[in-house]
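# Summary of structural features
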Amino acid sequence: WPALLVVIQRAVSPALRPRAMGWRWAAMTVVAAILIPILGVLIDNTTFPTGYQFAFALSFVASIPNLYFFSRVRVPDNVRHGGEAGVRRPAGERLRGFVAPFLKNRLFMRYNAGTAIFRICLTLPAGLYSLFWVNDLRASDTLIGVRGTIGFGALAFAYWLWGRLAHSMGHRRVLVITAVLMGLYPIATGLAQSVEWLLPAAAIWGMSAAGIDIALVDILL
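Residues numbered from 1 in each chain as written. Predicted model: local features only at pLDDT ≥ 70, side-chain atom pairs only at ≥ 80, totals over all residues. Heavy atoms only, no water.

To continue, consider the environment of Pro125. In this fold, Pro125 is placed in the loop between helix 5 (106-123) and helix 6 (126-136). Accessibility expressed as a relative area gives 27% for Pro125, which makes it partly exposed. Each C-alpha atom, one on Pro125 and one on Pro186, is 9.5 Å from the other, the two residues being 61 residues apart in sequence. (Helix = DSSP H or I, 4+ residues; strand = E, 2+ residues; numbered from the N terminus. Buried < 20%, exposed > 50% of the residue type's maximum accessible area, 1.4 Å probe, protein only.)

This is the structure in structure tokens:
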């Protein structure tokens, strides 16, 4: 991920980044929206754990061409500053060299602190959602796949939408709007009385997660 950010920063101009990242993530989520329900039906209709093994194997094989396409992106060489190549510096000096850029850039430190708290609060209960779907609402793998299609379909559209709006509205305003919208997702999920209510909750997740991703990456770069 850090290497990917460096490539994006050098390959795409600041003005085009939100739109480019929006289109990229939209393409990824369209593929996910198509495949997830198919895999859900497959898992429901095969003996355990064959369906899951096939899903993991397919995901691994499909991810390999990603390396080839990224190798085709051409960016200027990253010039190394400070110290000579191949010279082994003392551990204390290397540690100070690693920490120094963080201490010098207060905006970067504020970004790391803020996003760390945000991501922890956002992802810490993530495993509870699946337990709630299966244990309380009795959702099948097929319906979870349909929920994935709704969520990723909304995500694909929202990547395109927020990618365009971030250029005119600014990434900070997009972040505030989508962060508030994301707060409605656990509320909508918790209020669900049947599995059908997971579908609009998934749409809320997709519409908010896309804007958060675009805004946070744009602010970082």
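Still more to cover.
Throughout the structure, instances matching the rule amount to one salt bridge. Among the salt bridges present, the one from Arg119 reaches Asp213, with a minimum N-O distance of 3.6 Å. Pair noted here: Arg119 is in helix 5 and Asp213 is in helix 10 (residues 198-220), with a separation of 94 residues, a long-range link. (Salt bridge = Lys/Arg side-chain N within 4 Å of Asp/Glu carboxyl O.)

A separate point is unusual backbone geometry. Across residues other than glycine, the phi torsion is negative in most instances, and most of the peptide bonds are trans. Here Phe48 and Pro49 are connected by a cis peptide whose omega angle stands at 5°. The topology assignment puts Pro49 in the loop between helix 2 (17-44) and helix 3 (50-71). You will see that Arg138, though not glycine, has its phi angle at about 55°, which is positive. Within the secondary structure, Arg138 is located in the loop between helix 6 and helix 7 (141-169).

Here we come to the nonpolar core. Membership of the largest hydrophobic core comes to 32 residues, with the highest contact counts inside it found for Trp133 and Tyr159. When contributions to this core are tallied by element, the ones reaching two or more residues are helix 1 (2-11), helix 2, helix 6, helix 7, helix 8 (171-182) and helix 10. Ranked by residue count, the leading element in this core is helix 10, at nine residues. Excluding residues within four positions of it along the chain, Tyr159 makes contact with Gly22, Trp25, Ala26, Thr29, Ala210, Asp213 and Ile214. (Core = buried A, V, L, I, M, F, W, Y, C linked by side-chain atoms within 4.5 Å. Contact = heavy atoms within 4.5 Å.)

To describe a pair of aromatic rings, you give the distance between the ring centres and the angle between the ring planes. Applying the stated criterion across every chain, the model contains five aromatic pairs. Consider the rings of Tyr129 and Tyr185, whose centres lie 5.1 Å apart with planes at 45°: the pair is tilted. Of this pair, Tyr129 sits in helix 6 while Tyr185 sits in helix 9 (residues 184-190); the two residues are 56 residues apart in sequence, bridging distant segments of the chain. Ring plane angle 75° and centroid distance 5.6 Å describe the contact between Phe152 and Trp205, whose orientation is recorded as edge-to-face. Linking Phe152 in helix 7 with Trp205 in helix 10, this pair joins segments that are 53 residues apart in sequence. What makes Phe152 partly exposed here is its relative accessible area of 24%. (Phe/Tyr/Trp six-rings, centres within 6.5 Å; stacked < 30°, edge-to-face > 60°.)

Another aspect to go through is the side chain of Thr115. Considering the arrangement of structural elements, one finds Thr115 in helix 5. Classification of Thr115 as buried rests on a relative accessible area of 13%. Here the side chain of Thr115 touches Tyr111 through a polar contact of 2.7 Å, landing on its backbone oxygen. Within the local environment of Thr115, its side chain forms a polar contact with the backbone oxygen of Asn112, the two atoms lying 3.3 Å apart. (Polar contact = N/O pair within 3.5 Å; in protein donor to acceptor, adjacent residues only side chain to side chain.)

Here we come to the packing of helix 2 against helix 7. Where helix 2 meets helix 7, the closest approach of the two axes is 8 Å, and the angle between their N-to-C directions is 175°. What the angle tells us is that helix 2 and helix 7 run roughly antiparallel. Looking at the contact of helix 2 with helix 7, its residues break down into 19 nonpolar, nine polar and four charged. (Axes fitted to C-alpha atoms, helices over the stretch in contact; angles between N-to-C directions. Parallel < 35°, antiparallel > 145°, perpendicular 65-115°, else oblique. Nonpolar A, V, L, I, M, F, W, Y, C, P; charged D, E, K, R; others polar.)

What follows concerns the side chain of Ser208. Within the fold, Ser208 resides in helix 10. Beyond its immediate stretch of four places on either side in the chain, Ser208 contacts Thr178, Leu181 and Met182.

A few words now on the packing of helix 7 against helix 8. Interhelical geometry of helix 7 versus helix 8 gives an angle of 125° and a closest axis separation of 7 Å. Comparing their axes, helix 8 and helix 7 come out oblique. Of helix 8, the residues touching helix 7 (which contributes Trp162, Leu165, Ala166 and Met169) are His171, Arg173, Val174, Ile177 and Thr178. Among the residues forming the contact of helix 7 with helix 8, the class breakdown is six nonpolar, two polar and one charged.

Further remarks concern the confidence of the model for the protein chain. Overall, the prediction assigns the protein chain a mean pLDDT of 84, with 95% of residues at 70 or greater. Mean pLDDT across the secondary structure elements of the protein chain bottoms out at helix 1, with 74, and peaks at helix 9, with 93. (pLDDT = per-residue confidence, 0-100.)

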